[in-house]
Amino acid sequence: MATGRGRALRQYGRGAAAAASPGAAIVGLPRPFTPAAVATGPRLGRAAGPRNRSRSFAARSGECSETVNAAIKSLHLTPSVKPKPNLCIESMPSEMLMKIFSYLDAVSLLSVGCVNKRFYHLANDNGIWLKIYSSCFQAKRTMWKMKSDQTETISLGCIPLCDRKPGYWKKEYILKQIAAVKTRVMRLVKPVDPYTGLPCKNKEAMEALDLRWIVVLKDKNGKEHVMEKANLSFKDTSVTILWYSTNWPCLDILSTLKLFGVTPLLPDQSRAPSKNGPRQRSLIAEYHLANLTESGVAIGADKLVQLFSLNPELLIGLWKEKNEIAFVMASLHYHQLLERSTLGSATVQYAFPPNKPVLDDIDPEYGLHDYSLHLDMHGRSCTYLCGTFRSLFCRKGDIANGYLRLPVVTLKDSTKHVPLTGTLGLSWETDALKGNVKDCYVMDFTLLDETGKPFWCFSAPVYMELSSKASTLYDYMGHMYTTDYADSEGKVCVEFVWLEETKEYFIVNLVLYISTKKLGGYLMHVTEYLAKI
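Computed from a prediction, not measured in an experiment: that's the story for all the values here. (Residues numbered from 1 in each chain as written. Predicted model: local features only at pLDDT ≥ 70, side-chain atom pairs only at ≥ 80, totals over all residues. Heavy atoms only, no water.)

**Student:** Honestly, the side chain of histidine 374 in this entry has me stumped. Any pointers?
**Tutor:** The residue histidine 374 is located in strand β13 (residues 371-378) in this model. Of the residues examined, histidine 374 reaches a relative accessible area of 5% and is grouped as buried. Within polar-contact distance, the side chain of histidine 374 engages the side chain of aspartate 376 at 3.3 Å. A polar atom in the side chain of histidine 374 sits 2.9 Å from the side chain of threonine 388. (Helix = DSSP H or I, 4+ residues; strand = E, 2+ residues; numbered from the N terminus. Buried < 20%, exposed > 50% of the residue type's maximum accessible area, 1.4 Å probe, protein only. Polar contact = N/O pair within 3.5 Å; in protein donor to acceptor, adjacent residues only side chain to side chain.)

Here is the structure:
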């Protein structure tokens, strides 16, 4: 009995010592002592003692084993894994963030300031912005003294930063950059083309502003879809923009389409424009897409697409099979385009100041003569006509039904009949397909008044249809075609003759009708004459 009891106690002692040792949980702990282990262990010999003693020992050993097992369970048998710290830039100290921000340029620094409130305050640090300001502009400024005319020139690096509010040098830098860009643009738009009355370097001015145009489609749930990928085609008096994509939203869920002019806050000519940089939008026009096939004017189609015009300036191409959007095209006239694309807001269009009427007390027919017309007809990729018609006039008897009639080309005067180059058609393209819709084209219309300033301007997609009357001219034997355009300021009527022998069109009649309401706002003498009659 002593031998068996001593052996059991030694085994129990070893287990308890191993459980109490710090490394036992990892190195390999002996099995916990249980009565079953004693029963299955080596025989204890004859001197096992009475049965009641073995039972009492088993009971005591069971209590001890429960205590040991509880102690073992309280220990962590597997090494504890500490959670890794969440390493991110937002958890870094402000001093380190300021050091990182000091290596950013102005555009990146403005973008970082839009992350959260903390980054915004850190990115407004005057020390960082003063460094950017001094690297771009004059590094010294003049300090005027109060007592005399003496001046003192000090370096910007020596200016105390504590006397300025946070963000002061950021604001100064932005304002000066905008002023520099505005000065460069004003220098580019100052020379005027005598034929069109428009700035000669409109394209260069738009590139200096880094001007882009986007369309924003809004569905009935309020979600916006922005389309930026576009092809630009610059002409003498307009720019044609074609947006195409394979991810157009479904036409049935769309409610509105908005056309925006987009410019970066800080145009930088030394590097490519960034889509993620700070930009500002200017609303140019808004169109409703509900019942597009009913509200829009169908102007033509080919085998793949059908074209719908939404006045003003917008053209939407729909796939014939799916009745979904294939592309969106806008033709924007240069007249006041820079103001429309930059001076509006994201929700309100730019409102032009009212034009004051020009008075002339000497000429009683002032406002009825000396008009000039510059007319472009193109199909986006090719030009069919580019010409100027001068010395246009109207007789007082030609003012009727609220319109002033200005004949440009007449049927009787064959010397003014104008041929067109090529066959009329409007080209389009997408990522995978391209085509040409016949008898459709873009008309760029620029009418100048007596002073040579733009009086009525538009750029719109139009179509040519077969006329019901036959040609009565001896010089032209062929089919007659007509094109009619109308808006709130007037109407344009064009007649063509197709010559089968030479495979070309001739303009044989071109008449303008100017609304008297528009004339009443500009030319006082016409208004007075209309009041008398």
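Read on for the rest.
**Student:** What am I meant to see in the packing of aromatic side chains here?
**Tutor:** In this description, a pair of aromatic rings is defined by centroid distance and the angle of the planes. Evaluation of the coordinates by the stated rule reveals 18 aromatic pairs. Between tryptophan 456 and phenylalanine 458, the ring centres sit 5.7 Å apart and the planes meet at 50 degrees, which makes this aromatic pair tilted. Like tryptophan 456, the residue phenylalanine 458 is buried in the burial classification. Taking the centre distance of 4.0 Å and the plane angle of 15 degrees together, the rings of phenylalanine 458 and tyrosine 485 count as stacked. Pair noted here: phenylalanine 458 is in strand β21 (residues 454-463) and tyrosine 485 is in strand β23 (residues 480-487), with a separation of 27 residues, a long-range link. Among the aromatic side chains, those forming a connected cluster through ring pairs are Trp129, Tyr133, Phe137, Tyr168, Trp169 and Tyr173. Above the plane of the ring of phenylalanine 260 lies arginine 281, whose end atom (NZ or CZ) is 5.3 Å from the centre. (Phe/Tyr/Trp six-rings, centres within 6.5 Å; stacked < 30°, edge-to-face > 60°. Lys NZ or Arg CZ within 6 Å of the ring centre and 35° of its normal.)

**Student:** Got a minute to help me understand helix α9 (residues 168-189) in this structure?
**Tutor:** Between its first and last C-alpha, α9 extends 32 Å over 22 residues, near the 32 Å set by a 1.5 Å rise per residue. Within the span of α9, buried status applies to Trp169, Lys170, Tyr173, Ile174, Gln177, Val181, Val185, Leu188 and Val189. Tucked into the core, α9 has its buried residues touching α6 (106-112), α7 (117-123), α8 (126-136), α10 (202-209) and α12 (337-342). (Expected span 1.5 Å × (residues − 1). Contact = heavy atoms within 4.5 Å.)

**Student:** Hey, could you run me through the nonpolar core in this one?
**Tutor:** Residues Leu373, Met377, Leu447, Val492, Phe496 and Leu510 are the most contacted members of the largest nonpolar core, which totals 40 residues. Contributions of two or more residues to this core are made by β13, β14 (383-392), β16 (403-409), β20 (440-448), β21, β23, β24 (490-499) and β25 (504-515). Leaving out residues up to four positions away in the same chain, leucine 447 has contacts with Tyr371, Ser372, Leu373, Leu392, Leu406, Lys453, Pro454, Phe455, Trp456, Leu512 and Ile514. The next biggest cluster of nonpolar side chains, apart from the first, holds 39 residues, and it includes Leu211, Leu259, Leu314 and Ile316. (Core = buried A, V, L, I, M, F, W, Y, C linked by side-chain atoms within 4.5 Å.)

**Student:** Explanation requested: the packing of α8 against α9 in the structure shown.
**Tutor:** Viewed as axis vectors pointing N to C, α8 and α9 meet at an angle of 30 degrees, and their least axial separation amounts to 7 Å. With respect to their mutual orientation, α8 and α9 come out roughly parallel. Where α8 crosses over α9, the handedness of that crossing is left-handed. Residues Asn126, Trp129, Leu130, Ile132, Tyr133 and Cys136 of α8 form the contact with α9, whose participating residues are Tyr168, Trp169, Lys170, Glu172, Tyr173, Lys176 and Gln177. Partitioned by chemical class, the residues of the contact of α8 with α9 number eight nonpolar, two polar and three charged. (Axes fitted to C-alpha atoms, helices over the stretch in contact; angles between N-to-C directions. Parallel < 35°, antiparallel > 145°, perpendicular 65-115°, else oblique. Left-handed = near helix turned anticlockwise from the far one by under 90°. Nonpolar A, V, L, I, M, F, W, Y, C, P; charged D, E, K, R; others polar.)

**Student:** How should the environment of serine 255 be read in this particular structure?
**Tutor:** Within the element layout of this structure, serine 255 appears in strand β7 (residues 254-264). The class for serine 255 is partly exposed, based on a relative accessible area of 23%. Put simply, serine 255 and tyrosine 287 are 32 residues apart on the chain and 8.7 Å apart in space, counted from C-alpha to C-alpha. What serine 255 contacts, discounting residues up to four positions off in sequence, is Lys218, Asp219, Lys220, Tyr287, His288, Leu289 and Ala290.

**Student:** Can you help me understand the sheet that holds strand β8 (residues 279-288) in this one?
**Tutor:** Strand pairing in a sheet relies on backbone hydrogen bonds, with the paired strands running either antiparallel or parallel. Strands sit in the order β4-β3-β7-β8 across an open sheet of four strands; the sheet is antiparallel. The open sheet is flanked by β4 (224-227) and β8, the only strands paired with a single partner. Within the sheet, the average angular offset between the axes of one strand and its neighbour, ignoring direction, is 25 degrees. Both β7 and β8 contribute to a ladder of nine bridges, which runs antiparallel. When the sheet's bridge partners are listed, glycine 261 is paired in β8 with serine 282. (Pairing = 2+ DSSP bridges.)

**Student:** How should I be thinking about the pairing of β4 in this particular structure?
**Tutor:** Where a strand is regular, its side chains alternate between the two sheet faces. Where burial is concerned, the two faces of β4 differ: the one with His225 and Met227 is buried and the one with Glu224 and Val226 is not. Summarising the sheet, strand β3 (residues 212-219) and β4 pair through four bridges and their orientation is antiparallel. Bridging from a neighbouring strand, valine 215 pairs with methionine 227 of β4. Taking the residues that link successive antiparallel strands as the turn, the β3-β4 hairpin has four residues, and the phi of glycine 222 there is positive, at about 90 degrees.

**Student:** What exactly am I supposed to notice about the pattern of salt bridges here?
**Tutor:** Close approach of charged atoms allows side chains of opposite charge to pair. Throughout the structure, instances matching the rule amount to seven salt bridges. Arginine 279 is paired through a salt bridge with glutamate 228; the nearest N and O atoms lie 3.0 Å apart. Within this pair, whereas arginine 279 is found in strand β8, its partner glutamate 228 is found in the loop between β4 and β5 (230-234), the two being separated by 51 residues in sequence. In this structure arginine 279 comes out as partly exposed when scored by relative accessible area, which is 35%. Taking relative accessible area as the criterion, glutamate 228 reaches 30% and is therefore assigned partly exposed. (Salt bridge = Lys/Arg side-chain N within 4 Å of Asp/Glu carboxyl O.)

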